[in-house]
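Given next are the chains, with one letter for each unit.
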Amino acid sequence: MNIDSKLPDIGTTIFSVMSALAQQNDAINLGQGFPDYDGPAYLRERLAHYVRDGFNQYPPMTGVEALREQIALKVQRLYDRPVSADSEVTVVPGATEALFCAIMATVNAGDEVIVFDPAYDSYEPAVRLAGGKTIHLALKAPEFTVDWQQVRDAINQRTRMIILNSPHNPTGSVLSPDDLVHLADLVRDTNIVLLADEVYEHLVYDGLSHQSLLLVDELYERAFVVSSFGKTFHVTGWKTGYCIAPPLLSAQLRKVHQFVTFVGVTPIQWALADFMRAEPDYCLQLAGFYQAKRDLFCNALVGSGFQITPSSGTYFQLADYSQISDRNDRAMCEWLTKEVKVAAIPISVFCAAPLSHQYVRFCFAKQDNTLLKAAKRLASL
Ligand code: PMP
Ligand code: GLN
């Protein structure tokens, strides 16, 4: 049989590839982003409770109402934005699904979508499946900031969407209040839709604050804002997230969502609603929790050949290895996994054009002893 692939050049994601390699080589896995500790006990108990007590059939297409209400309360509290749990909040089985549905719902054949490289790997395939074309603009290394003049130059009649990701995976950079001003200037009086991937919204360090698109009226009015409970509650395998968007955009998203997955998992949604009601401030301690891990890891690498500028957000840390090796970053990650027994993620896979720097990405969402053990192996390089 001859299948005319819609994504002929796309292989298996780097996260699956590196996790498999880490397992084969018995390496400490600082590659794929997931914690090596569990979510809160009460949250897991609530899930067990709902599974046991008959909450096992389809939830409403938009998500369990109690959870949508908790999300709306959180958005009001953190970003001072009143959103309707009915018409602006959609619960989804993972942020990835919401990103896909938002793109499918709004990008038409021939439309252009601006992404910033290094760009999370799920964006481009979705844009292409929608018939659109991805325009890759490079973030400016080493701070990985947006060059707004470059964005202005890239915008034209075909520009349909700009995808933003702050805090940024894989570089750990965050948008500033000024960035939002520039963005608002650029999209005013256009038909450009914004897709904001804010799955690491609570992981911002050094006293900086998360610049959500929910904070600015004229940005939110054209935005899908996506988050993930996987990151917030240390349960990446629960694959549950949400999308906040104004009613017109939410209606479009839901048209696609109902035929991609229809709904997320019912008992998980009830458990999350209970947990958010019981511990509304849980998310506020995450920045301190992860900043301590970032510092532990970075300090343990002082004196090694890695050059490190501590991340401003996410649970990822870039490391420049140019003083250690002249391998390309893929080969470096394979070597680190096989020989040093620490897995990492190469950055070039997220970029259309080659990078001028040599970086690998480490995930520091790990127990302190895991981080110290990994850093000890890396520090000898
Ligand atoms: N966007 C970014 C930037 C991510 O790092 C991830 C990672 N998991 C996702 C989206 C997907 O989140 P989820 O697992 O909830 O689909
Ligand atoms: N977002 C996670 C990362 O960046 C991985 C998610 C996945 O494996 N698809 O590592």
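Residues numbered from 1 in each chain as written. Chains lettered and ligands numbered in written order. Predicted model: local features only at pLDDT ≥ 70, side-chain atom pairs only at ≥ 80, totals over all residues. Heavy atoms only, no water.

Chemist: Where do I start with the side chain of D179 in this structure?
Modeler: Among the structural elements, D179 can be located in helix α7 (residues 177-187). Despite being buried, D179 has no salt bridge partner; K140 is the closest side chain of opposite charge, sitting 8.5 Å away. Within polar-contact distance, the side chain of D179 engages the backbone nitrogen of S176 at 2.8 Å. With sequence-adjacent residues up to four places away left out, D179 is seen in contact with W148 and V174. (Helix = DSSP H or I, 4+ residues; strand = E, 2+ residues; numbered from the N terminus. Buried < 20%, exposed > 50% of the residue type's maximum accessible area, 1.4 Å probe, protein only. Lys, Arg positive; Asp, Glu negative; His and termini not counted. Salt bridge = Lys/Arg side-chain N within 4 Å of Asp/Glu carboxyl O. Polar contact = N/O pair within 3.5 Å; in protein donor to acceptor, adjacent residues only side chain to side chain. Contact = heavy atoms within 4.5 Å.)

Chemist: Looking at this structure, I do not really get the state of the cysteines. What am I missing?
Modeler: A disulfide bridge is the covalent bond that connects two cysteines by way of their sulfur atoms. Considering all chains together, one arrives at zero disulfides under this definition. We note that C283 lacks a disulfide partner, and the nearest cysteine sulfur, in C243, lies 18 Å from it. Taking relative accessible area as the criterion, C283 reaches 7% and is therefore assigned buried. Lacking any disulfide linkage, C333 is separated from the closest cysteine sulfur, that of C351, by 13 Å. For C333, a relative accessible area of 0% gives the class buried. (Disulfide = S-S within 2.5 Å.)

Chemist: So what exactly am I meant to see when it comes to the nonpolar core here?
Modeler: One broad trend across soluble globular proteins is that nonpolar side chains are buried collectively. The biggest cluster of nonpolar side chains holds 123 residues, and the ones touching the most others in it are I71, I162, L194, L213, I244, V360 and F362. The contact partners of I244, leaving out residues within four places of it in the chain, are I71, V75, V83, E88, V89, L214, Y220, A223, F224 and V225. (Core = buried A, V, L, I, M, F, W, Y, C linked by side-chain atoms within 4.5 Å.)

Chemist: Is there a simple way to think about the packing of helix α1 (residues 14-24) against helix α13 (residues 329-340) in this case?
Modeler: When two helices pack together, you describe them by how their axes are tilted relative to each other and by the distance separating the axes. Relative to each other, α1 and α13 sit at 30°, their axes nearing to 9 Å. Our classification of the angle between α1 and α13 gives roughly parallel. In this structure, the crossing between α1 and α13 has a hand that is right-handed. Of α13, the residues touching α1 (which contributes I14, M18, L21 and A22) are R330, C333, E334, T337 and K338. Class assignment for the residues of the contact of α1 with α13 results in five nonpolar, one polar and three charged. (Axes fitted to C-alpha atoms, helices over the stretch in contact; angles between N-to-C directions. Parallel < 35°, antiparallel > 145°, perpendicular 65-115°, else oblique. Left-handed = near helix turned anticlockwise from the far one by under 90°. Nonpolar A, V, L, I, M, F, W, Y, C, P; charged D, E, K, R; others polar.)

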